[in-house]
Amino acid sequence: MYFRGIHAYGLKKDKDVKMKKILFISLGCDKNLVDTEKMLGLLGREGFAFTDREEEAQVIIVNTCCFIGDAKEESINTLLAMARYKEEGECKALLAAGCLAQRYKEEILKEIPEVDAIIGTSAYDGIVSVVRAVLEEKKSHVSCFRDIDAPFRDNPPRLLTTGGSYAYLKIAEGCDKCCTYCIIPSLRGHYRSVPMEELVREAQELARSGVRELILVAQETTLYGVDLYGEKRLPQLLRELARIPGIYWIRLQYCYPEEITDELIQVIREEEKVCHYLDIPIQHASDAVLKRMGRRTDQKKLREIIGKLRREIPDIALRTTLISGFPGETQEDHEELYRFVNAMEFDRLGVFAYSMEEDTPAALLPDQIPQEMKEERRDELMELQQEIAFERAEAMVGRILEVMIEGKVADEAVYVGRTYMDSPNVDGLIFVHTGKELLSGDFLKVRVTKAQEYDLIGEVYDESAK
């Protein structure tokens, strides 16, 4: 992700610092993006400038990902592509940060000698000193790593890259679930919650900068507070954030199903600002596969929590992710998952073909599935979900929904927005036809007039015409 229209808050630039242009590329998840924004904020505070043109950047920083094979390949290819600008452009320093850098430090420095510095996942606050070491002290192969289980330090200022109307709020780091396919605990450490007062203060700053929607993220949001307070405090955090003036929507991501409590459901139902939307990564529905994955639930419990959510919050939108072709997954396991998806009718669903990751227990399991079969099973699930999604989109025609505007279609009287059912970059959009002048972050009521695959089309709802 290259950044254009970066939005700053809380920065005090030093005009005496000679401006160096930095290109920042952020790969992977939105949790990684928060780290990127904090590094941008620290660099911006020191007077560095930013560019989205590779050929004019004096510093190129790639915040990498290696969660699955495709992400690892993208990160490596991006570093190789940027290495060219040490010869073809103005680049004097190429830095690798994030998960791939944490996991493969020695390999990166050996195989991509153009990389001047490596920054680990917990060391993003050392970004300024690393850049200065390479640029001013002419050092090479600089490494900056810290204990991945280190407690949180004060939140630095952020440069928002999301356009300003919404922002991600990372409420915790690390994970203790230790699913057998996942490398994250060894890259990000044990589960550590950010103190509630720091999150409230950060959210207040975001609201003052114009942010209207907070999207709460972590490896697992539902366990927030257990390590600090001895109990789950996500419901209390939601109530505190809902009191902040200027915040209009609060959205929850990464809610593990077995940790969703009655209290959390009550808060989602009662607090007007909390979207009736939950991202619940379940990964599978066969008890045998779930057990091999190291998941802490089974199909019966999944059906119970999904049923409860829909009874208590009838208009809730549920998103989930699945893994196809996990080691030992039989055709019967796959068909059981297929039937489950068909019965549950998730509003949003993504499927990933299992990616064998070294140093994970799943990589050592017998009965690894051929890649072609993994992809065939993935495609079958996605074709089924496509039918479900299109039917659910058609059912929205005629409904009146609140929409947050995010942009305008060039040369047309059409704006692009999202409903409460849509998280940015992963879910659908709604295209609003209107002659009114609207701004990003505006909210308005829209009547849905048409469904177009995953997206909706609508017109501004005129209450006076009733």
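See above for the structure.
Each chain carries its own residue numbering, running from 1 in the direction its sequence is written. Confidence filtering applies because this is a predicted model: local features only for residues at pLDDT of at least 70, side-chain atom pairs given and counted only at 80 or more, and all residues used for totals across whole chains, interfaces and linings. Values shown for side chains rest on all heavy atoms present in the structure; no hydrogens or waters enter the calculation.

### Comments concerning the state of the cysteines
The criterion, for reference: A pair of cysteine sulfur atoms is labelled a disulfide when the two atoms are within 2.5 Å.
Under the definition given, this model contains zero disulfides. In this model C99 remains outside any disulfide bridge; the closest cysteine sulfur is found in C66, 5.4 Å from its own.

### Some points on the packing of helix 13 (residues 299-312) against helix 14 (residues 331-344)
We count it as follows: Here an axis means a line fitted to C-alpha atoms, over the contact stretch when the element is a helix, while the angle between two N-to-C directions is reported on a 0 to 180 degree scale. Only DSSP runs of H or I with at least four residues qualify as helices, and only runs of E with at least two residues qualify as strands; both kinds are numbered from the N terminus onward. Note that the term roughly parallel is reserved for angles under 35 degrees, roughly antiparallel for angles over 145, roughly perpendicular for angles of 65 to 115, and oblique for everything else. A contact between two residues is defined here by any heavy atoms of the two lying within 4.5 Å. Polar here means any residue outside two lists: the nonpolar Ala, Val, Leu, Ile, Met, Phe, Trp, Tyr, Cys and Pro, and the charged Asp, Glu, Lys and Arg; Gly therefore counts as polar.
Between helix 13 and helix 14, the shortest axis-to-axis distance is 12 Å and the interhelical angle comes to 10°. Comparing the axis directions of helix 13 and helix 14 gives the class roughly parallel. Two secondary-structure elements touch here, helix 13 through Q299, L302, R303, I306 and R310 and helix 14 through E336, F340, A343 and M344. Its residues placed into classes, the contact of helix 13 with helix 14 shows five nonpolar, one polar and three charged.

### A few points about helix 8 (residues 196-208)
For the record, the criterion: In this scheme, a helix's expected span is set at 1.5 Å multiplied by one less than its residue total. Accessibility here uses a 1.4 Å probe with only protein chains present; expressed as a share of the type maximum, an area under 20% marks a residue as buried, one over 50% as exposed, and anything in between as partly exposed.
Here helix 8 is 13 residues long and its end C-alpha atoms lie 18 Å apart, about the 18 Å a rise of 1.5 Å per residue gives. Restricting attention to buried positions, one finds in helix 8 the residues M196, E198, L199, V200, E202, A203, L206 and A207. Elements in contact with the buried residues of helix 8: helix 1 (30-45), strand 8 (159-160), strand 9 (166-170), strand 12 (213-217), helix 9 (226-229) and helix 10 (234-242). Directly beyond the C-terminal end of helix 8, a positive phi value near 110° is found at G210.

### Looking at the layout of surface pockets
Here is the rule we go by: We place a 1 Å grid over just the protein atoms. Points where a 1.4 Å probe fits but has no way out form a cavity, open points with protein on both sides within 12 Å along at least 5 of 7 lines form a pocket, and any residue with an atom within 4 Å of a point lines it. Grid points are joined across faces, edges and corners, and a volume is the space filled by probe spheres set on the points.
Its volume calculated, the second largest pocket comes out at about 410 Å³. As for the second largest pocket, its lining consists of 27 residues, of which D347, R348, A389, R392 and M421 are closest to the centre. Counting only elements with at least two residues in the lining of the second largest pocket, the list comes to strand 15 (317-324), strand 16 (348-353) and helix 15 (371-394). Top contributing element to the lining of the second largest pocket by residue count: helix 15, with five residues. For the lining of the second largest pocket, the per-class residue count stands at 15 nonpolar, three polar and nine charged.

### Comments concerning empty space enclosed by the protein
As enumerated under the stated definition, the model contains three cavities of 30 Å³ or more in all. The computed volume of the second largest cavity comes to approximately 40 Å³. Every residue lining the second largest cavity is listed: N32, D35, M39, N63, A97, G98, G120, T121, Y124 and R188. Among the secondary structure elements, those contributing two or more residues to the lining of the second largest cavity are helix 1 and strand 5 (93-98). Among the residues forming the lining of the second largest cavity, the class breakdown is three nonpolar, five polar and two charged.

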